[in-house]
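Chain by chain, the residues:
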Amino acid sequence: QKMPPSLPATINIREPRWDQSTFQGRAKHFFMVTDPRNLLLSGATLEEARRVVEDYRAGTVHPGLTEDQLWRAKYIYDSAFHPDTGEKMILVGRMSAQVPMNMTITGCMLTFYRTTPAVLFWQWVNQSFNAVVNYTNRSGDAPITPSQLGTAYVSATTGAVVTALGLKSLTKHLPAIIGRYVPFAAVAAANCINIPLMRQRELKLGIPVTDENGNRLGESTAAAQKAIFQVVVSRIGMAAPAMAIPPVVMNMLEKRAFLKRYPYLNAPLQVGLVGLCLVFATPLCCALFPQKSSMPVSSLEPEVRDQIRKKDPWLETVYFNKGL
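Quick look at the structure, then. (Residues numbered from 1 in each chain as written. Predicted model: local features only at pLDDT ≥ 70, side-chain atom pairs only at ≥ 80, totals over all residues. Heavy atoms only, no water.)

## Things to note about the pattern of salt bridges
Should the charged atoms of two oppositely charged side chains come close, the side chains can pair.
Inference 1: Scanning all chains against the criterion turns up 7 salt bridges.
Inference 2: The residue arginine 50 makes a salt bridge to glutamate 47 at a minimum N-O spacing of 3.2 Å. Residue arginine 50 and its partner glutamate 47 are located together in helix α2 (residues 43-57), separated by 3 residues, close to a single helical turn.
Inference 3: Arginine 50 serves as the salt-bridge partner of glutamate 54, at 3.8 Å between the closest nitrogen and oxygen. Of the two residues, glutamate 54 and arginine 50 both sit in helix α2, 4 residues apart, roughly one turn of that helix.
Inference 4: A single network of salt bridges, built from pairs that share partners, joins Glu47, Arg50 and Glu54. (Salt bridge = Lys/Arg side-chain N within 4 Å of Asp/Glu carboxyl O. Helix = DSSP H or I, 4+ residues; strand = E, 2+ residues; numbered from the N terminus.)

## Quick word on the pairing of strand β3 (residues 292-296)
Inference 1: Burial of the side chains of β3 is restricted to one face: Ser293 and Met295 are buried, whereas none of Lys292, Ser294 and Pro296 on the reverse face is.
Inference 2: For β3 and strand β4 (residues 317-321), the ladder comprises 5 bridges, and the chain directions are antiparallel. Residue pairing in the sheet places serine 294 in a bridge with tyrosine 319 of β4. (Buried < 20%, exposed > 50% of the residue type's maximum accessible area, 1.4 Å probe, protein only. Pairing = 2+ DSSP bridges.)

## Details of the nonpolar core
Inference 1: One finds Leu7, Ile11, Ile13, Tyr56 and Leu70 to be the most contacted residues of the largest nonpolar core, which totals 25 residues.
Inference 2: Of all the secondary-structure elements, those providing two or more residues to this core are α1 (23-33), α2, α3 (67-80) and α12 (266-286).
Inference 3: Ranked by the residues each element gives to this core, the list is headed by α3, at 7 residues.
Inference 4: In contact with tyrosine 56, not counting residues within four places along its chain, are Leu7, Pro8, Ala9, Thr10, Ile11, Ile13, Val61 and Leu70. (Core = buried A, V, L, I, M, F, W, Y, C linked by side-chain atoms within 4.5 Å. Contact = heavy atoms within 4.5 Å.)

Structure, rendered in C-alpha coordinates:
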(Lines give C-alpha, C1' and ligand atoms only; values in the text may rest on other atoms or scores of the structure.)
Protein backbone atom coordinates (compact mmCIF):
# COMPACT_ATOMS: atom_id res chain seq x y z
CA GLN A 1 0.00 0.00 0.00
CA LYS A 2 1.30 3.43 -0.96
CA MET A 3 2.11 5.77 1.94
CA PRO A 4 0.60 9.30 1.69
CA PRO A 5 3.17 11.93 0.74
CA SER A 6 4.88 13.57 3.72
CA LEU A 7 3.49 16.98 4.70
CA PRO A 8 5.81 19.92 3.85
CA ALA A 9 7.26 21.76 6.87
CA THR A 10 6.38 25.15 5.34
CA ILE A 11 2.72 25.61 6.43
CA ASN A 12 2.47 28.73 8.61
CA ILE A 13 0.51 27.50 11.63
CA ARG A 14 1.32 30.62 13.64
CA GLU A 15 -1.39 32.36 11.59
CA PRO A 16 -5.08 31.33 11.31
CA ARG A 17 -6.07 28.84 8.59
CA TRP A 18 -8.45 31.20 6.76
CA ASP A 19 -7.93 34.60 5.12
CA GLN A 20 -8.26 37.16 7.93
CA SER A 21 -8.82 40.10 5.58
CA THR A 22 -12.40 38.87 4.99
CA PHE A 23 -15.25 38.68 7.52
CA GLN A 24 -16.02 35.12 6.38
CA GLY A 25 -12.43 34.00 7.01
CA ARG A 26 -12.37 35.60 10.46
CA ALA A 27 -15.77 34.06 11.33
CA LYS A 28 -14.55 30.54 10.38
CA HIS A 29 -11.46 31.07 12.54
CA PHE A 30 -13.44 32.19 15.59
CA PHE A 31 -16.03 29.42 15.24
CA MET A 32 -13.04 27.07 15.75
CA VAL A 33 -11.52 29.13 18.60
CA THR A 34 -14.80 29.40 20.58
CA ASP A 35 -16.01 25.81 19.94
CA PRO A 36 -17.27 24.65 23.40
CA ARG A 37 -16.54 20.99 22.51
CA ASN A 38 -12.82 21.76 23.09
CA LEU A 39 -13.59 21.89 26.83
CA LEU A 40 -14.42 18.16 26.77
CA LEU A 41 -11.02 17.10 25.38
CA SER A 42 -8.88 14.98 27.70
CA GLY A 43 -5.49 16.03 29.04
CA ALA A 44 -3.85 13.36 26.83
CA THR A 45 -5.50 14.84 23.68
CA LEU A 46 -4.30 18.33 24.61
CA GLU A 47 -0.74 17.10 25.22
CA GLU A 48 -0.74 15.20 21.91
CA ALA A 49 -1.86 18.39 20.08
CA ARG A 50 0.87 20.35 21.86
CA ARG A 51 3.48 17.75 20.78
CA VAL A 52 2.32 17.81 17.12
CA VAL A 53 2.35 21.64 16.98
CA GLU A 54 5.67 22.17 18.79
CA ASP A 55 7.41 19.43 16.76
CA TYR A 56 6.04 20.86 13.49
CA ARG A 57 7.23 24.38 14.42
CA ALA A 58 10.66 22.89 15.16
CA GLY A 59 10.69 21.30 11.67
CA THR A 60 9.72 17.72 12.63
CA VAL A 61 6.74 16.36 10.69
CA HIS A 62 5.06 13.28 12.23
CA PRO A 63 4.79 10.38 9.69
CA GLY A 64 1.34 10.18 8.06
CA LEU A 65 0.27 13.62 9.41
CA THR A 66 -2.26 15.27 7.06
CA GLU A 67 -2.84 19.02 6.67
CA ASP A 68 -6.32 18.74 8.23
CA GLN A 69 -4.88 16.88 11.25
CA LEU A 70 -2.18 19.55 11.63
CA TRP A 71 -4.75 22.40 11.62
CA ARG A 72 -6.98 20.46 14.03
CA ALA A 73 -4.00 20.06 16.40
CA LYS A 74 -3.20 23.78 16.06
CA TYR A 75 -6.75 24.81 17.05
CA ILE A 76 -6.83 22.33 19.97
CA TYR A 77 -3.45 23.69 21.11
CA ASP A 78 -4.59 27.32 20.75
CA SER A 79 -7.79 26.59 22.68
CA ALA A 80 -5.96 25.41 25.80
CA PHE A 81 -2.43 26.89 25.91
CA HIS A 82 -1.43 30.55 26.34
CA PRO A 83 0.11 31.89 23.07
CA ASP A 84 2.95 33.76 24.84
CA THR A 85 3.79 31.65 27.91
CA GLY A 86 2.75 28.20 26.61
CA GLU A 87 1.08 27.46 29.97
CA LYS A 88 -2.18 25.50 30.09
CA MET A 89 -4.96 28.06 30.71
CA ILE A 90 -7.59 27.88 33.47
CA LEU A 91 -10.57 25.93 32.08
CA VAL A 92 -13.23 28.65 32.65
CA GLY A 93 -10.93 31.35 31.25
CA ARG A 94 -10.48 29.73 27.82
CA MET A 95 -12.28 31.19 24.78
CA SER A 96 -14.01 27.80 24.31
CA ALA A 97 -15.66 28.35 27.73
CA GLN A 98 -17.22 31.66 26.63
CA VAL A 99 -20.49 30.20 25.32
CA PRO A 100 -21.35 27.77 28.19
CA MET A 101 -20.22 30.19 30.95
CA ASN A 102 -21.87 33.30 29.45
CA MET A 103 -24.98 31.30 28.63
CA THR A 104 -25.42 30.30 32.28
CA ILE A 105 -24.52 33.71 33.77
CA THR A 106 -26.50 35.80 31.24
CA GLY A 107 -29.50 33.45 31.46
CA CYS A 108 -29.55 33.86 35.24
CA MET A 109 -29.07 37.66 35.01
CA LEU A 110 -32.11 37.87 32.71
CA THR A 111 -34.19 35.50 34.87
CA PHE A 112 -33.40 36.91 38.33
CA TYR A 113 -33.53 40.67 37.67
CA ARG A 114 -36.48 41.61 39.86
CA THR A 115 -34.84 41.73 43.35
CA THR A 116 -31.85 43.83 44.45
CA PRO A 117 -29.90 40.91 46.07
CA ALA A 118 -30.26 38.89 42.83
CA VAL A 119 -29.05 41.86 40.71
CA LEU A 120 -26.04 42.32 43.03
CA PHE A 121 -25.16 38.63 43.06
CA TRP A 122 -25.34 37.98 39.30
CA GLN A 123 -23.52 41.20 38.33
CA TRP A 124 -20.77 40.19 40.79
CA VAL A 125 -20.62 36.65 39.29
CA ASN A 126 -20.44 38.12 35.76
CA GLN A 127 -17.60 40.52 36.57
CA SER A 128 -15.71 37.78 38.46
CA PHE A 129 -15.92 35.62 35.33
CA ASN A 130 -14.78 38.58 33.14
CA ALA A 131 -11.78 39.11 35.42
CA VAL A 132 -10.79 35.43 35.07
CA VAL A 133 -11.16 35.62 31.24
CA ASN A 134 -9.16 38.87 31.00
CA TYR A 135 -6.40 37.48 33.25
CA THR A 136 -6.26 34.11 31.44
CA ASN A 137 -6.05 35.77 27.99
CA ARG A 138 -3.62 38.52 29.06
CA SER A 139 -0.91 39.56 26.63
CA GLY A 140 2.61 38.38 27.34
CA ASP A 141 3.90 41.77 26.16
CA ALA A 142 1.76 43.65 28.68
CA PRO A 143 1.27 41.46 31.79
CA ILE A 144 -1.53 42.43 34.21
CA THR A 145 -0.37 43.12 37.76
CA PRO A 146 -2.51 41.96 40.72
CA SER A 147 -3.26 45.63 41.62
CA GLN A 148 -4.45 46.41 38.05
CA LEU A 149 -6.56 43.26 38.06
CA GLY A 150 -8.07 44.21 41.45
CA THR A 151 -8.78 47.83 40.37
CA ALA A 152 -10.45 46.73 37.12
CA TYR A 153 -12.47 44.04 38.92
CA VAL A 154 -13.75 46.34 41.70
CA SER A 155 -14.44 49.25 39.29
CA ALA A 156 -16.29 47.11 36.73
CA THR A 157 -18.35 45.33 39.40
CA THR A 158 -19.25 48.66 41.05
CA GLY A 159 -20.08 50.23 37.66
CA ALA A 160 -22.29 47.28 36.67
CA VAL A 161 -24.12 47.17 40.01
CA VAL A 162 -24.66 50.97 40.21
CA THR A 163 -25.95 51.02 36.59
CA ALA A 164 -28.22 48.02 37.18
CA LEU A 165 -29.67 49.32 40.46
CA GLY A 166 -30.03 52.89 39.12
CA LEU A 167 -31.88 51.72 36.01
CA LYS A 168 -33.93 49.24 38.03
CA SER A 169 -35.29 52.06 40.21
CA LEU A 170 -36.04 54.19 37.09
CA THR A 171 -37.99 51.39 35.38
CA LYS A 172 -40.36 50.62 38.30
CA HIS A 173 -43.24 52.50 36.68
CA LEU A 174 -42.45 51.49 33.09
CA PRO A 175 -43.67 48.37 31.18
CA ALA A 176 -42.17 45.05 32.38
CA ILE A 177 -40.30 44.53 29.08
CA ILE A 178 -38.16 47.65 29.78
CA GLY A 179 -37.05 46.20 33.12
CA ARG A 180 -35.78 43.12 31.34
CA TYR A 181 -33.17 45.23 29.49
CA VAL A 182 -31.55 46.55 32.69
CA PRO A 183 -28.97 43.67 32.82
CA PHE A 184 -27.81 44.47 29.26
CA ALA A 185 -27.27 48.16 30.08
CA ALA A 186 -25.28 47.12 33.17
CA VAL A 187 -23.11 44.67 31.21
CA ALA A 188 -22.45 47.29 28.47
CA ALA A 189 -21.43 49.85 31.12
CA ALA A 190 -19.17 47.32 32.86
CA ASN A 191 -17.42 46.47 29.55
CA CYS A 192 -16.72 50.16 28.97
CA ILE A 193 -15.04 50.29 32.42
CA ASN A 194 -13.45 46.84 32.69
CA ILE A 195 -11.57 46.54 29.38
CA PRO A 196 -9.82 49.99 29.38
CA LEU A 197 -8.85 49.50 33.05
CA MET A 198 -7.59 45.96 32.44
CA ARG A 199 -5.47 47.30 29.57
CA GLN A 200 -4.45 50.61 31.16
CA ARG A 201 -0.76 49.78 30.76
CA GLU A 202 -1.27 49.72 26.97
CA LEU A 203 -3.05 53.10 27.08
CA LYS A 204 -0.10 54.62 28.99
CA LEU A 205 2.84 52.97 27.19
CA GLY A 206 1.32 51.96 23.84
CA ILE A 207 1.16 48.62 22.00
CA PRO A 208 3.67 47.33 19.42
CA VAL A 209 3.02 48.46 15.83
CA THR A 210 4.64 46.62 12.91
CA ASP A 211 4.94 46.78 9.15
CA GLU A 212 3.19 44.24 6.90
CA ASN A 213 5.97 41.68 7.48
CA GLY A 214 5.75 41.87 11.28
CA ASN A 215 8.87 44.02 11.80
CA ARG A 216 8.38 46.02 15.01
CA LEU A 217 8.44 49.79 14.44
CA GLY A 218 7.63 51.14 17.91
CA GLU A 219 4.84 51.40 20.51
CA SER A 220 1.75 53.54 19.93
CA THR A 221 -0.93 54.72 22.38
CA ALA A 222 -3.15 55.76 19.41
CA ALA A 223 -3.10 52.12 18.23
CA ALA A 224 -3.91 51.00 21.80
CA GLN A 225 -6.95 53.33 21.90
CA LYS A 226 -8.22 51.96 18.58
CA ALA A 227 -7.61 48.34 19.67
CA ILE A 228 -9.46 48.80 22.99
CA PHE A 229 -12.37 50.59 21.30
CA GLN A 230 -12.74 47.68 18.84
CA VAL A 231 -12.67 45.10 21.67
CA VAL A 232 -15.31 47.05 23.68
CA VAL A 233 -17.58 47.20 20.60
CA SER A 234 -17.08 43.45 19.98
CA ARG A 235 -17.83 42.53 23.62
CA ILE A 236 -21.01 44.68 23.73
CA GLY A 237 -22.04 43.25 20.34
CA MET A 238 -21.45 39.74 21.72
CA ALA A 239 -23.79 40.40 24.64
CA ALA A 240 -26.46 42.26 22.62
CA PRO A 241 -28.36 39.39 20.86
CA ALA A 242 -28.21 37.17 23.97
CA MET A 243 -29.59 39.95 26.17
CA ALA A 244 -32.00 41.55 23.64
CA ILE A 245 -33.78 38.61 21.96
CA PRO A 246 -34.61 36.32 24.95
CA PRO A 247 -36.46 39.08 26.92
CA VAL A 248 -38.88 39.62 24.01
CA VAL A 249 -39.47 35.85 23.62
CA MET A 250 -39.84 35.31 27.40
CA ASN A 251 -42.21 38.28 27.72
CA MET A 252 -44.49 36.64 25.12
CA LEU A 253 -44.19 33.16 26.69
CA GLU A 254 -44.97 34.40 30.22
CA LYS A 255 -48.36 35.63 29.01
CA ARG A 256 -49.25 32.13 27.79
CA ALA A 257 -50.78 29.40 29.96
CA PHE A 258 -47.80 27.05 29.46
CA LEU A 259 -45.29 29.00 31.59
CA LYS A 260 -47.94 29.89 34.17
CA ARG A 261 -48.55 26.16 34.61
CA TYR A 262 -44.81 25.27 34.68
CA PRO A 263 -43.02 28.33 36.14
CA TYR A 264 -39.89 26.27 37.00
CA LEU A 265 -39.16 26.09 33.23
CA ASN A 266 -38.52 29.86 33.14
CA ALA A 267 -34.78 29.71 33.98
CA PRO A 268 -33.90 26.68 31.75
CA LEU A 269 -35.76 28.24 28.80
CA GLN A 270 -34.00 31.57 29.33
CA VAL A 271 -30.56 29.90 29.56
CA GLY A 272 -31.27 27.83 26.43
CA LEU A 273 -32.33 30.89 24.40
CA VAL A 274 -29.24 32.81 25.54
CA GLY A 275 -27.03 29.84 24.59
CA LEU A 276 -28.54 29.67 21.11
CA CYS A 277 -27.79 33.38 20.57
CA LEU A 278 -24.24 33.13 21.99
CA VAL A 279 -23.20 30.16 19.83
CA PHE A 280 -23.43 32.53 16.83
CA ALA A 281 -22.90 35.97 18.43
CA THR A 282 -19.59 35.09 20.15
CA PRO A 283 -17.56 34.08 17.04
CA LEU A 284 -19.33 36.55 14.71
CA CYS A 285 -18.65 39.53 17.01
CA CYS A 286 -15.04 38.43 17.60
CA ALA A 287 -14.77 38.54 13.77
CA LEU A 288 -16.10 42.12 13.41
CA PHE A 289 -12.55 43.51 13.29
CA PRO A 290 -9.37 41.78 12.07
CA GLN A 291 -7.18 40.41 14.88
CA LYS A 292 -4.24 41.99 13.06
CA SER A 293 -5.76 45.47 12.82
CA SER A 294 -4.29 48.40 10.91
CA MET A 295 -4.20 52.20 10.84
CA PRO A 296 -2.54 54.90 8.68
CA VAL A 297 0.87 56.14 9.83
CA SER A 298 -0.58 59.69 9.61
CA SER A 299 -3.05 58.83 12.44
CA LEU A 300 -0.30 57.88 14.93
CA GLU A 301 0.91 60.29 17.62
CA PRO A 302 3.56 62.74 16.22
CA GLU A 303 6.66 61.25 17.93
CA VAL A 304 5.87 57.67 16.78
CA ARG A 305 4.94 58.90 13.29
CA ASP A 306 8.29 60.79 13.01
CA GLN A 307 10.21 57.76 14.32
CA ILE A 308 8.62 55.55 11.62
CA ARG A 309 9.12 58.16 8.87
CA LYS A 310 12.89 58.14 9.64
CA LYS A 311 13.00 54.34 9.21
CA ASP A 312 10.72 54.16 6.16
CA PRO A 313 9.51 57.46 4.61
CA TRP A 314 7.13 55.65 2.20
CA LEU A 315 5.32 53.44 4.71
CA GLU A 316 1.60 54.33 4.82
CA THR A 317 0.02 51.64 7.07
CA VAL A 318 1.02 49.99 10.36
CA TYR A 319 -0.44 46.83 11.96
CA PHE A 320 -1.12 45.79 15.56
CA ASN A 321 -2.77 42.96 17.50
CA LYS A 322 -6.09 44.30 18.86
CA GLY A 323 -6.49 41.57 21.52
CA LEU A 324 -9.76 39.75 22.32
